[in-house]
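Given next are the chains, with one letter for each unit.
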Amino acid sequence: MSNADTNPDAATGAEPGVPIIEIKGLNKWFGPFHVLRDINLSIAPRERIVICGPSGSGKSTLIRCINRLEEHQQGRIIVDNIELTNDLKGIDAIRREVGMVFQSFNLFPHLTVLENCTLAPIWVRKTPKVEAEAFAMELLERVKIPEQAGKYPGQLSGGQQQRVAIARSLCMRPNIMLFDEPTSALDPEMIKEVLDVMVDLAESGMTMLVVTHEMGFASQVADQVIFMDEGQIVERNTPDEFFNNPQSDRTKMFLSQILSH
Amino acid sequence: MTDQPFHRQQSELLPQQPAPATTVGIVGWLRTNLFSGWFNTVVTLIVLYLVWFVLTSIVDWAIINAHVSGTDRFACTSDGACWAWFDQRIHQFLYGFYPSDETWRINIAFVLLFPALAPWMFENVPGARYLRWFSLAYPIIATILLTGGLGLSVVDTDRLGGFTLNLTVGLAGIVLSLPFGIVLALGRQSRLPVIRIFSIGFIEAVRGVPLITLLFVSNIILPIFLPPNVALDTVVRVIVMVTAFASAYMAEVIRGGLQAIPRGQYEAAQAMGLSYWQMMRLIVLPQALKISIPGIVNTFIGLFKDTTLVIVIGLFDILGIANSMVANPDWLGLSTETYVVVALFFFSVCFSMSRYSIHLERKLDTTTR
C-alpha cells in the first residue's frame, strides 16, 4: 500500500544536495549540565536517520531542539530554510512542517481519534473540516485503524494509540517526522505493529529522525545511524558499517550490550 | 449394613431448577446484606428502629400534628408545626419588598432563565444555536425586567429581596466567577511578571479576607477603582464583591486542574503548531476544567450560600426576611418552621447543583464509554 505521493512536498520541494535540516555548532545546557556538546549534523531530504545511544546521552534533547520543544543556547539550527530563533513566526512555520511522535503517545484524551487527527489541520492549517476528516480517515486507514475513528484514546491499546499519534502527525502533511523512542512504552507484541507503520512511512520517502533502540528497524530502513554519548555525536555511519564495523570503543561497548540478549 | 453402594447412581442429568428463593430477589438481597449473622441482624434492627423513630417524629411534627390555617401564632395550639404564616409570608420569602403588582416581572425573568441555561448545560437542546444568543442577551433582559426601563416602571434595587436576591446575586456570581477564575489561574502561571504578580496578589488578598469584611468595606474599596461621581448600586456592589471572592477560590481550584495536565499534552499541542491560546482553549482547559468539576461546583455551592451575607449591608435576602419574621410579635417562637423552610430553599438549589455536577462528570468521562 501507500506511496510516495501522499507527501509531494518532501519528494519534490527540496533541491537535491541541499540539506533539509542543518545543525551547526549546537550547544545546550540544562543549568550547569552540558547536555549537547558541539553538535554538527546535516540531513538531506528523504534521508532516514536513526539516533541511538545510552540514556542521558542527549539524543531526545537533540531532536526536541529541532522543533523547539527545547531551546538551544549556542549554534544554529536551520530547518527547511528557516533558522530557529526566538522569532515565534519562524517557530510556528517549522512546527507546521515537522511532525513529532512521542514515547508516551500524548494523544488528547478528551477528543476522539478522528478529532485528535483533525484538530491541528483545522486550527493551524485552516483546512475545511470535511476535507480534514477525509484526509484523516485516509491516514487512519494507512495505519490500519479506521474502525477506531470514533473512539477515545483511553479505549485503545498502546500500539493503537501510537499508530493514531503517527496518523495525527501526518495529518499536518509534514516534510519531516521526528520520533522520540516511539516503541519504548509499548508491550513487546505491540512494537511490531508500530514499526510496520514506520517502515511503510520510510518507504514513502519521508525525511525521518528516529530515536530508538530497535536495531532491527535501524538496519532495515535507516540510511544512517548516529551514535550519541555524553551529548556528543560519537559515530555516524551506514547501518552496515555501524553494526559490522563500529569504529569507536564506546560504540562497540554499547552494541555489545544492546545486542547481547 | 446393606451392599448398596455408598453413593447414589443416576443415569440422567437432573433438570435445572431455579435458585432457592432465599438467595434471589428481595429476600436473597436482605439475607446477604442485612441479616447475615446475628451481629448484622441486631445492627439492622437497631438502625431500622432509629430510622422509623426519626421519620415518624418528623412526619408527626411537620404534617400530622401541624396547623396550617390561622391569622396569628395563637391559632396554633397543638405540639406540631405551625404553617399558618406560610401563605401570608411566602410572598416576602420569594420577592422581598418588590411591589406586589410587579412581581410578574420576576416570575418571567425566572421562567426565561431555563431556556437561557439549557443550551450550556445539556446536549441536544433543540435550537441550541439560537438559544445561545438568547443566553447572551439574558442578563440584559433580566436586568430590565427586575429594575425597570423600556416602559416598565423603575424599581429600586434595594427593594429586591428574599430568594430573588439570593438567586440574582448567586447566579451573577456563578456566571462571572468562572471566567474570571480561569483568567486568574492562567495569569498565575504566566511568564510575564506583571500579570503573574497581579494575579497572585489579587488571589491572596481576596482569599485572605472574610467575605463579610469585603462586603463591609466594599463602599470604601470599590470607589478607588471607579471614576469619581460614579456611585455603585448596592446590589451591583454585592455582585462585584461576591464575584471577586469566588474568583479567587475558583482560580486556585482550576490551578489544581491545570497542574494535573501532563507536560506531554502541552508538548504535543506545541509540536503541532497550535498557538498558546489555541493550546489552552482546545487542549489544556477542557481537560483541566473537567478534572476541576467537583471543586468548581463546591465553590459555586459555597458562593450561593454566602449570598445570605448581604444582610450585613442592609439587604434582605431570604434569611434576612426569615430573621425579621421570627422577630415579629404575631408569630413569635416559630423560628424552627421558618428556618426549615429557608433551609429547604437552599438545599434544593445546592443539591441540584451537586447532582448536575455528577451528571456532567459521567458525561465527560471518556475512559469507560
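Bear in mind the structure is a predicted one, so any value in this text is a computation, not a measurement.

### Describing the overall build of chain B
- A count of helical and extended segments in chain B gives 13 helices and zero strands.
- Reading chain B from its N end, one meets helices and strands in the order α-α-α-α-α-α-α-α-α-α-α-α-α.
- At 29 Å, chain B has a C-alpha radius of gyration far larger than the 21 Å of a compact globule built from 369 residues.
- Projected onto the principal axes, the alpha-carbon positions of chain B cover approximately 115 × 75 × 45 Å.
- Within chain B, the proportion of its 369 residues that are buried is 38%.
- Roughly 22000 Å² of accessible area belongs to chain B as shown, and the carbon and sulfur atoms make up 68% of that amount.
- For chain B, the distance from the average position of its 22 positive side-chain charges to the average position of its 21 negative side-chain charges is 14 Å.

### A few points about the confidence of the model for chain A
- Confidence along chain A averages 88 in pLDDT terms, with 93% of residues attaining 70 or more.
- The least confident element of chain A, judged by mean pLDDT, is helix H1 (residues 8-13) of chain A at 44; the most confident is helix H4 (residues 113-123) of chain A at 95.

### Description of the packing of aromatic side chains
All names here are of chain B.
- Scanning all chains against the criterion turns up 17 aromatic pairs over all chains.
- Taken together, a centroid distance of 5.7 Å and an interplanar angle of 80 degrees make the contact between Phe122 and Tyr356 edge-to-face. Here Phe122, found in the loop between helix H4 (103-121) and helix H5 (128-147), pairs with Tyr356, found in helix H13 (residues 335-364); they are 234 residues apart in sequence, far enough to count as distant.
- The exposure class of Phe122 is partly exposed, given its relative accessible area of 42%.
- For the ring pair Phe134 and Tyr138, a centre distance of 6.3 Å and an interplane angle of 65 degrees mean the geometry is edge-to-face.

### Brief notes about the side chain of Gln161 of chain A
Residues and elements named next belong to chain A.
- Position of Gln161 relative to the elements: it lies in helix H6 (residues 158-170).
- Taking relative accessible area as the criterion, Gln161 reaches 15% and is therefore assigned buried.
- Excluding its chain neighbours within four sequence positions, the residues that come into contact with Gln161 are Phe105, Leu107, Pro153 and Leu156.

### Regarding the packing of helix H11 (residues 276-306) of chain B against H13 of chain B
Residue and element names in this part refer to chain B.
- At their nearest, the axes of H11 and H13 sit 10 Å apart, and the two run at 170 degrees to each other. The angle between the axes of H11 and H13 places the two elements in the roughly antiparallel class. For the pair formed by H11 and H13, the contact residues are Lys290, Ile293, Pro294, Val297, Phe300, Ile301, Phe304 and Lys305 on the first element and Phe346, Val349, Cys350, Met353, Ser354, Ser357, Leu360, Glu361 and Leu364 on the second.

### Some thoughts on the state of the cysteines
All names here are of chain A.
- A complete count under the given rule lists zero disulfides over all chains for this structure.
- Summary of cysteine pairing: Cys52 is not part of a disulfide, and the nearest cysteine sulfur, belonging to Cys65, is at 18 Å.
- According to the relative accessible area criterion, Cys52 is buried, its value standing at 0%.

### A few points about the interface of chain B and chain A
- Of the residues lining the interface, 20 residues belong to chain B; the matching set on chain A comes to 25 residues.
- Note on chain B versus chain A: buried area summed over both sides is about 2000 Å², and carbon and sulfur give 59% of it.
- It is Ala271, Met272 and Thr366 of chain B in chain B that bury the most area against chain A; as a group they hold 30% of the surface buried on that side.
- Inspection of the region where chain B meets chain A yields one salt bridge.
- Note that Arg64 of chain A is salt-bridged to Glu267 of chain B, the shortest N-O span being 2.6 Å.

### A closer look at the sheet that holds strand S5 (residues 82-83) of chain A
All names here are of chain A.
- In spatial order, the strands read S2-S1-S4-S5; together these four strands make up an open sheet with antiparallel pairing. Either end of the sheet is taken by a strand with one partner, and the two such strands are strand S2 (33-43) and S5.
- Two elements, strand S4 (residues 74-79) and S5, share two bridges in a ladder whose sense is antiparallel. Counted as the bridge partner of Val79 is Ile82 from S5.

Thresholds applied
- Residues numbered from 1 in each chain as written.
- Chains lettered and ligands numbered in written order.
- Predicted model: local features only at pLDDT ≥ 70, side-chain atom pairs only at ≥ 80, totals over all residues.
- Heavy atoms only, no water.
- Helix = DSSP H or I, 4+ residues; strand = E, 2+ residues; numbered from the N terminus.
- Rg over C-alpha atoms; globule rule 2.2 N^0.38 Å.
- Buried < 20%, exposed > 50% of the residue type's maximum accessible area, 1.4 Å probe, protein only.
- Areas by Shrake-Rupley, 256 points an atom, 1.4 Å probe, with all protein chains shown as cover.
- Lys, Arg positive; Asp, Glu negative; His and termini not counted.
- Charge placed at Lys NZ, Arg CZ, Asp CG, Glu CD.
- pLDDT = per-residue confidence, 0-100.
- Phe/Tyr/Trp six-rings, centres within 6.5 Å; stacked < 30°, edge-to-face > 60°.
- Contact = heavy atoms within 4.5 Å.
- Axes fitted to C-alpha atoms, helices over the stretch in contact; angles between N-to-C directions.
- Parallel < 35°, antiparallel > 145°, perpendicular 65-115°, else oblique.
- Disulfide = S-S within 2.5 Å.
- Buried area = accessible area lost by both parts, 1.4 Å probe.
- Salt bridge = Lys/Arg side-chain N within 4 Å of Asp/Glu carboxyl O.
- Pairing = 2+ DSSP bridges.

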